[in-house]
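What follows is each chain in one-letter form.
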Amino acid sequence: MTRYIYLFIILSAFSALSWAADGAAAVELQLQNTAMPRDLELKRTSYGTLAVKGSSSVETVRFKTPETLKAGLYRLSFIGSGRIYPYISDRSEELEPYRITTGAASGGAAIATAVFTFIDPNSREKLVDELPHPVFPDISSRIVTRISDRLLALKPGMEIGIEFRYGGIVFGGPVLLHPASPPIDMTISANNALHCFTDRSPPRFFIRVTNAGTPWNGSISLEWRDAVDGTSKRVTVPAALNAGDEFTSTAEFTARNGVYSLTATLGNKDGVITKVRRNFSYGPHIDAASLPDDWAFGIHCAPGDVALAPVGYKWVRVLLDWGRDIEAKGKGQFTWDSMDACVSQCRKGNKLLFVLAGTPRWASSKKGDDFSVYPPANWSDISDLLRVFWGRYAPGGRTDTVGAIEIWNEPNAADRSRFSVRDYAKLAEVVSTATRTYAPGVKVVGLAAGAGPNMDYVAGALASGAGKWLDVASLHLYEIDTPRGVSSIENRCKLFNEALFDRGLTRDVWDTETGAGMEIRTDGLITTQEELNGIAARHPRFDAEDPYRIGNAWRRPSERTGTAWMIRSMLQKLALGVDMIFSYCWADDPHAWVHDVREGGNVMPKLMIPAQAYLSSLWKRYGGRYAGAPEVISVTSGYDVHAFRFFGGDGSFIAIFAHPSLVTAGTTEHAVKRAGTDAENVRAERCDLNPWLRMKPQPRIPVTVYTTAAEVRVTDMLGREEMTMQAPERCVTIDISDEPVYIIE
């Protein structure tokens, strides 16, 4: 019997809920006598029977249910003591980092797959070991019980595999199965697989609850939480299920641009039975098919991730390795499955930038293990590849999808290329000649200079003649970390353009990779930069004079701070003459804008998605060309104010933000030591303004901005807050910070 209960919940904006462990007798699982995964260490500990230490992102330990097990529904638990290391700290409790699969013990196909979040039923805190936040190792560590909040349908002799999906976490103790009582389960699905909702497709979630046991009475609670400002709303309705019953609820929401979570909790008088959380974003819908080919914004994707949300990208950059993905087995033995899938996805309105990289073993001039980074022994192998490639994707020389080819990826980096500058110039000649012969309308993109020291390589490649074979010159501008970011971007763009000018080259410039890893959320909320700074300051390896790192691991900004820096760096690059910007990357990476797409986890869209969508909506109407810097008056010392005016078909807009100046690392004590007795220099250094050190939010800076209109609209970087201001004297006074503010003229 099925009961359908529809909850249409209209909320204008949206507490951790914990699970009570079953008291029934548990069954301990035993490790199967099988080969352990790579980099996985199993050993006994003083507090349990199992310890797992994984150094890569996914490690699996397999168990077998006893032959005497009674078939039914179970929860799984184990003892955990964990440390989350900085280089993987983009994962969070939202992402359900343990995936449990069940299947035949003989190794047959899995018959069920479920993803679980584990919570601590004793302290009523969710998932994390370290306190107050799981960002840095060794702040604190404790042993807690992990218990699944979802049910497994198990039979005797079945295999259970636990995928530990964090590198650098240690867990130990017995793995137990707990008979579920009552046997109630809940799932949530959505009308958008990526959970990236827009104003054309608002959020709708479908909650399904099933009862495989005795009659049950309880309630279901739905809580919608705004991850940006912490506001939340909850609704609770009664629910009653007989044995074999199920009911389905539908939850719909209206929202401001931003990121949110929906938590569904099923409980009764004895406590919480189960709960499921889903994360989502909301912002403007920007249809890629409506955007021109010279649109400013693109995205880098792995080959399996080109199914994008409509948030303002036209171009998709995909790197397919020649020697691994296309022609690995031998000359002329092509595999096109991955490329075909990319092209098929992009035919919905996107253009594709194909990156050629990675020499096959059979073609390489070097036969060692690092064969892929060396030039081919015969340049004709690349010509032959491109003849077949363009015959497939640009038949007759015409293509509606693959619009550009980029020559290698970061050839200045030794781990990606051992091409000399002359080798690279020859590669550019070969790729360009073949492309212009077989697909004359396709743009040839090159240099692809990686972040870090690269100008010597760029200058050398241009001096060797690479530039004449290129339609577009590319580089990677990742330097957005403050306090060095603004000047770094400006300086690198200037040097790159000067290198082209010195060779008499006029080329479009594309930034084909830019991005920022952002820190994890806390209990569904975006962690503030100041909270992260406080945690870092307590770490034993923290050095205030080098606050950008913990030991050798680079710190990441908070999700909100990183989003603000990314958006403003895009605006700055566009003002500096960069024609197209590709963000790195779409899914499942420390820089990703959507986490846990491929790995079957709890999809989490990041704040960059609505921020990019809103910028794209402005760019579509009011952008397209840089119109210079508007006049700005600021009387606040200690900050540089950056303002850029862009104009398009419907008018113009100003983007403005304040960046700390006269900032150094270290504490005031460090500044005194550096300055000696010069107190004026100590005040000028302003250590408290450093975004990696400050313990209070950056203050709002009043500025007066001269406009071209008598009435303007002022919005934040997400378009959540908007006000109309009169400007009879053609100027307005507003407060700004390190987050961009838009003035629509």
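All figures in this text were calculated on a predicted structure; none of them were measured in a lab.

Trainee: So what's going on with the overall build of the protein? Which residues, and what values?
Mentor: Of the regular secondary structure elements, the protein holds eleven helices and 45 strands. The buried share among the 745 residues of the protein stands at 58%. Just so you have it, the protein exposes about 29000 Å², and 50% of that area is on carbon and sulfur atoms.

Trainee: Talk me through unusual backbone geometry; I want residue IDs and the actual numbers.
Mentor: A cis geometry characterises the amide bond from Y584 onward to C585, with omega recorded as 0°. Non-glycine residue H195 carries a positive phi angle of around 60°. Along the chain, the position of H195 falls in the loop between β15 (184-190) and β16 (196-198). You can call H195 buried: its relative accessible area is 8%. One non-glycine residue, W408, lies in the positive phi region at around 70°.

Trainee: I'd like a rundown of the nonpolar core, residues and numbers included.
Mentor: Ranked by size, the top nonpolar core spans 107 residues in total, and within it W586 and F653 carry the most contacts. No other element matches helix α9 (residues 608-622), which puts nine residues into this core. In terms of nonpolar packing, the next biggest core, distinct from the first, is built from 26 residues, I184, I207, L222 and F280 among them.

Trainee: So what's going on with the confidence of the model for the protein? Which residues, and what values?
Mentor: Chain-level statistics for the protein give a pLDDT mean of 77 and a share of 72% at 70 or above. When the elements of the protein are averaged for pLDDT, strand β9 (residues 110-116) gives the smallest value, 30, and strand β26 (residues 402-407) the largest, 98. For residues 1-24, every residue scores under 50 in pLDDT, and the model assigns this stretch 81 contacts once sequence neighbours within four places are set aside.

Trainee: Could you give an account of helix α5 (residues 455-463), naming the residues involved and the relevant values?
Mentor: All buried positions along α5 are accounted for by Y457, V458, G460, A461 and L462. Positioned one or two residues after α5, G465 has a phi angle of 100°, which is positive.

Trainee: Please provide a residue-by-residue account of the pattern of salt bridges, values included.
Mentor: Summed over all chains, the structure comprises 27 salt bridges. In this structure, the salt-bridge partner of R720 is D229, at a minimum N-O distance of 3.2 Å. In this pair, R720 sits in the loop between β42 (711-715) and β43 (722-726) while D229 sits in the loop between β18 (216-226) and β19 (232-241), placing the two residues 491 residues apart along the sequence. Given a relative accessible area of 38%, D229 falls into the partly exposed group. E739 is the partner of R560 in a salt bridge, and the nearest nitrogen-oxygen pair spans 2.6 Å. Separated by 179 residues along the polypeptide, R560 in helix α8 (residues 559-575) and E739 in the loop between β44 (731-736) and β45 (741-744) bring together distant segments of the chain. Given a relative accessible area of 32%, R560 falls into the partly exposed group. Given a relative accessible area of 17%, E739 falls into the buried group. Put simply, D226, D229, R256, R720 and E721 are held in one network by salt bridges that share partners.

Trainee: Give me the environment of R521: which residues, what numbers.
Mentor: Structurally, R521 can be placed in strand β30 (residues 521-522). Its relative accessible area of 2% is what places R521 among the buried residues. Linking R521 and E559, residues 38 residues apart in sequence, is a C-alpha distance of 7.7 Å.

Trainee: Outline the sheet that holds strand β38 (residues 632-634), supporting the account with residue identities and numerical values.
Mentor: Reading across from one edge, β38-β41-β44 is the order of the three strands in this open sheet, with antiparallel pairing throughout. What marks the edges here is a single partner per strand, and that holds for β38 and β44. For this sheet, the mean inter-axis angle between neighbouring strands, taken without regard to orientation, is 25°. Sheet topology note: the β38/strand β41 (residues 701-706) ladder contains three bridges and is antiparallel. Bridged to S634 within β41 is V703.

Trainee: Give a description of the side chain of H300 that names residues and reports values.
Mentor: Among the structural elements, H300 can be located in strand β23 (residues 297-301). For H300, a relative accessible area of 8% gives the class buried. Reaching out from H300, the side chain makes a polar contact with the side chain of R317 at a distance of 3.0 Å. Excluding residues that lie within four positions of it along the chain, H300 makes contacts with R317, L319, S583, Y584, C585 and W586.

Trainee: A description of the pairing of β45 should follow, citing residues and the corresponding values.
Mentor: Side chains V741 and I743 project from β45 onto one buried face, and the interleaved Y742 and I744 project onto a second face that is buried too. Where strand β40 (residues 651-660) lies against β45, four bridges are found, and the strand directions are antiparallel. Opposite F653, over in β45, you have I744 as the bridge partner. The pairing of β42 with β45 spans three bridges and is antiparallel.

Trainee: An account of the environment of A587 is needed here, citing residue identities and associated values.
Mentor: Here A587 shows up in the loop between β34 (580-584) and β35 (594-595). Overall, the relative accessible area of 4% leaves A587 in the buried class.

Trainee: An account of the sheet that holds strand β29 (residues 508-514) is needed here, citing residue identities and associated values.
Mentor: What the eight strands build is a closed barrel, ordered β23-β24-β25-β26-β27-β28-β29-β34; its pairing is parallel. When strand polarity is set aside, the average angle formed by the axes of neighbouring strands in this sheet is 25°. Note: β23 against β34, four bridges, orientation parallel. Note that in β34 the partner of F297 across the bridge is I581. Seen against the sheet, helix α4 (residues 421-438) touches β25 (351-357), β26 and β27 (443-449) and runs at an angle of roughly 160° to β26. On top of the sheet, α8 reaches β23, β29 and β34; it is set at about 155° to β34, its chief contact.

Trainee: An account of the packing of helix α3 (residues 380-393) against α4 is needed here, citing residue identities and associated values.
Mentor: Where α3 meets α4, the axes come as close as 9 Å, and the angle between the chain directions of the two elements is 30°. For the element pair α3 / α4, the angle class is roughly parallel. Crossing of α3 against α4: the hand is right-handed. Side by side, α3 and α4 meet where I382, S383, L386, R387 and W390 of the first sit next to L427, V430, V431, A434, T435 and Y438 of the second. The residue makeup of the contact of α3 with α4, split by class, is eight nonpolar, two polar and one charged.

Trainee: So, the packing of aromatic side chains: which residues are in play, and what are the values?
Mentor: A complete count under the given rule lists 34 aromatic pairs for this structure. Judged by centre distance (6.2 Å) and plane angle (20°), the rings of F253 and F280 are stacked. A residue pair is termed long-range when its members are at least 10 positions apart, and F253 in the loop between β20 (246-252) and β21 (258-268) and F280 in strand β22 (residues 271-283) qualify at 27 residues. Here F280 falls in the buried class, since its relative accessible area comes to 0%.

Trainee: For the pairing of strand β28 (residues 472-476), give the residues involved together with the corresponding values.
Mentor: The buried count for β28 comes to five of five residues, which makes it a mostly enclosed element. Every second residue of β28 is oriented toward a common face, with V472, S474 and H476 on one face and A473 and L475 on the other, all of them buried. In this structure, β27 lies alongside β28, joined through three bridges in parallel fashion. Looking at the pairing, V445 lines up with V472 of β28. Relative to β29, β28 runs parallel, the two sharing five bridges.

Calculation criteria
- Residues numbered from 1 in each chain as written.
- Predicted model: local features only at pLDDT ≥ 70, side-chain atom pairs only at ≥ 80, totals over all residues.
- Heavy atoms only, no water.
- Helix = DSSP H or I, 4+ residues; strand = E, 2+ residues; numbered from the N terminus.
- Buried < 20%, exposed > 50% of the residue type's maximum accessible area, 1.4 Å probe, protein only.
- Areas by Shrake-Rupley, 256 points an atom, 1.4 Å probe, with all protein chains shown as cover.
- Core = buried A, V, L, I, M, F, W, Y, C linked by side-chain atoms within 4.5 Å.
- pLDDT = per-residue confidence, 0-100.
- Contact = heavy atoms within 4.5 Å.
- Salt bridge = Lys/Arg side-chain N within 4 Å of Asp/Glu carboxyl O.
- Pairing = 2+ DSSP bridges.
- Axes fitted to C-alpha atoms, helices over the stretch in contact; angles between N-to-C directions.
- Polar contact = N/O pair within 3.5 Å; in protein donor to acceptor, adjacent residues only side chain to side chain.
- Parallel < 35°, antiparallel > 145°, perpendicular 65-115°, else oblique.
- Left-handed = near helix turned anticlockwise from the far one by under 90°.
- Nonpolar A, V, L, I, M, F, W, Y, C, P; charged D, E, K, R; others polar.
- Phe/Tyr/Trp six-rings, centres within 6.5 Å; stacked < 30°, edge-to-face > 60°.

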